[in-house]
Amino acid sequence: MKRRTLAALAALALSAACLPALAQTPAPKTLKVVAHADLKILDPTFTTAYISRNFGYMVYDTLFAQDANGKPQPQMAEKYTSSKDGKQWSFTLRPGLKFSDGAAVTSADAIASLQRWAARDSIGRAMVAGGAEWKAVDARTFTLTLAEPSGLVLEGLAKPSSFPPVILPERLAKMPATAPLPEVIGSGPFIFKRDEWVPGNKTVFVRNPDYVPRSEPPSGLAGSKKTTFDRVEWLYLPDANSAIAALKRGEVDLVEQVPPDYIAPLRTDPGVKIGSGGTYQGFLVMNHLLPPFNNPKVRQALLQAVSQERIVAAMGYPLDMRMAYCQTYFICGSPNDTAAGAEPYRKADVAKAKKMLADAGYKGEKVTLLVPSDVTYLNAEALMAAQTMRSIGMNVDAQTMDWASIGARRAKRDAPEAGGWNMYVTVAGEFDVNSPITNAYLSAACGNTLPGWPCDKPLDELRNAWLKETVPAKRREILDAFQARAYEAVPYINAGQYTAAFAARASLKGTDKLWAGMPTVWMLDK
């Protein structure tokens, strides 16, 4: 008994001796972000979901990255060369790059990663169709050879969204691209804490001690990704009231996307600041396989009736965050902004649209519109689409359901009576709109699997010509011809352009550097 008592006292004394040291251990510096969606898939090379893309930028890096001016800049690449004809390329990795397991990043890893990316991405597939062949020269240098020149090599390698070409370990990159990767071994500034991941609640990252940042200041997705935070927590709070209340109480630092009707009240709160969450375009997506939208003249008639101004106003965005009209299929104000083919549709004309619809042979066929119930701005967009169609005499059957159900139903090619559909609405960020190859509905070649299944051979030919052209002036001519043809084929209808918003604690530093709706948290501090 005596020995046990002495041992206990000794242990107590040892614990007391340790207390000062424990008390001096600082708490990890933590950033708490309310993410726009729940993280389900941990592989940005498998899905175009923006939450998986954002996850990718936390844990992976890329060979090239767009800066804040939209120009590709070397990121993991130290240097590169290209031949005059654009067919021969050489890339050298920066020295000292490591994955989160401590292994060195090599040419074999980069090549395997880019081949995996090319199997799924539109630009990557175009490069493969152009005869792309990758070859390792040594551990840090590799080459790309193309049978045909392409004007999009660097743009593709710096693609920001919808399958960004992240660099993975060769072992993982060579796994089939038809299923999500089972492991996360990153090359980026943070490490994913799988043991703390609670789907539907929280995703946790900690600083990657092996990450080697660039020396240039951060710009867009390029430059240094050196973070001041030891730990980043993504919280999923689908109820907007709860998310905004947590921000006001200081329980979270940033709300990635704010519902439009919260923007004006938050602008008057001195403890909160509102910033741009990126530029978006609304989409009215029509099913090209079924009547009446299998007739391009019906699609043109609806296009004639659409008022972008009324739709984005109904979605709730303030005047300074929406455009009355954007004439381009791309992003207004972007390098590809063009008015080619837009003039007949500049102003909504219901009377003219009614006549066009009658001339197209529309006989009152039912149009099944899928209306999301749980995303307020998409609900408003869908209701405005219904109102527009009814204004020109279309027989609209609006069916309301949650967004997840729409996601499943839109994949069905059946007639509406058998579970199919005629129209749904969505939005897309600027990176997924602003070129013939990154805009999902403009890049969909005949035979695609995109819900809506647009197909127009002249658009396919113009897109291929644009991809191959390397002379800027000629590319511009082809781009104009491409958009003019899009206004004839109407693969989808541009429902208007607006700017989304994030909200942050006023004390959070660096929010002015956030770019294009990307949660580049390494730019932040508090």
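Throughout, a residue's number is its position along its own chain's written sequence, starting from 1. Only residues with pLDDT of at least 70 are given local features in this predicted model, and only at 80 or more are side-chain atom pairs given and counted; all residues enter the totals for whole chains, interfaces and linings. Side-chain metrics rest on all non-hydrogen atoms present in the structure, leaving aside hydrogens and water.

**A closer look at the pattern of salt bridges**
Test applied: For salt bridges, the criterion is a side-chain nitrogen of Lys or Arg within 4 Å of an Asp or Glu carboxyl oxygen. Helix and strand labels come from DSSP, where a helix needs a run of H or I of at least four residues and a strand needs a run of E of at least two; each type is numbered from the N terminus. Residue exposure (1.4 Å probe, protein chains only): buried if accessible area is under 20% of the type maximum, exposed if over 50%, otherwise partly exposed.
Applying the stated criterion to the full structure yields 23 salt bridges. We note a salt bridge from arginine 249 to glutamate 251, for which the minimum N-O separation is 2.8 Å. Across the pair aspartate 320 and arginine 267 runs a salt bridge whose closest N-O atoms are separated by 2.8 Å. Placement of the pair is aspartate 320 in the loop between α10 (308–314) and α11 (350–359) and arginine 267 in helix α8 (residues 260–267), with a sequence separation of 53 residues. According to the relative accessible area criterion, aspartate 320 is exposed, its value standing at 57%. For arginine 267, a relative accessible area of 41% corresponds to the partly exposed category. Members of the salt-bridge network, linked through shared partners, are Glu196, Arg231 and Glu233.

**Points about the sheet that holds strand β8 (residues 190–192)**
What counts here: Here the rule is simple: two strands pair whenever DSSP picks up at least two bridges between them. Contacts between residues were defined by any pair of non-hydrogen atoms, one from each residue, lying within 4.5 Å. In this analysis an axis means a line fitted to C-alpha atoms, helices contributing only their contacting stretch, and an angle means the value between N-to-C directions, from 0 to 180 degrees.
On the basis of which strands lie adjacent, the open sheet formed by ten strands has the order β8-β9-β10-β1-β11-β16-β12-β15-β13-β14 and mixed pairing. The open sheet has two edge strands with one neighbour each: β8 and β14 (395–401). The pairing of strand β1 (residues 30–34) with strand β11 (residues 254–255) spans two bridges and is parallel. The residue of β11 that forms the bridge with valine 33 is leucine 254. Together, β1, β11, β12 (272–286) and β16 (493–505) form the strand contacts of helix α7 (residues 240–248), whose direction differs from that of β16 by roughly 35°.

**Remarks on the packing of aromatic side chains**
Basically, it comes down to this: Only rings of Phe, Tyr and Trp enter the pairing, Trp through its six-membered ring, and a pair is recorded when the two centres are within 6.5 Å. The plane angle decides the type: under 30 degrees is stacked, over 60 is edge-to-face, the rest tilted.
Evaluation of the coordinates by the stated rule reveals 23 aromatic pairs. Between phenylalanine 431 and tryptophan 515, the aromatic rings sit 5.2 Å apart at their centres with planes inclined by 55°, giving tilted as the arrangement. Here tryptophan 515 lies in the segment after β16 and phenylalanine 431 lies in the loop between β15 (423–429) and α14 (457–468), a separation of 84 residues in the sequence. Each ring, one from tyrosine 441 and one from tyrosine 492, has its centre 6.1 Å from the other, and the planes form 55°; the classification is tilted.

**A look at the environment of proline 292**
Relative to the helices and strands, proline 292 is located in the loop between β12 and α9 (296–305). Residues proline 292 and valine 367, 75 residues apart in the sequence, show an inter-C-alpha distance of 7.6 Å.

Keep in mind these values describe shape, not function.
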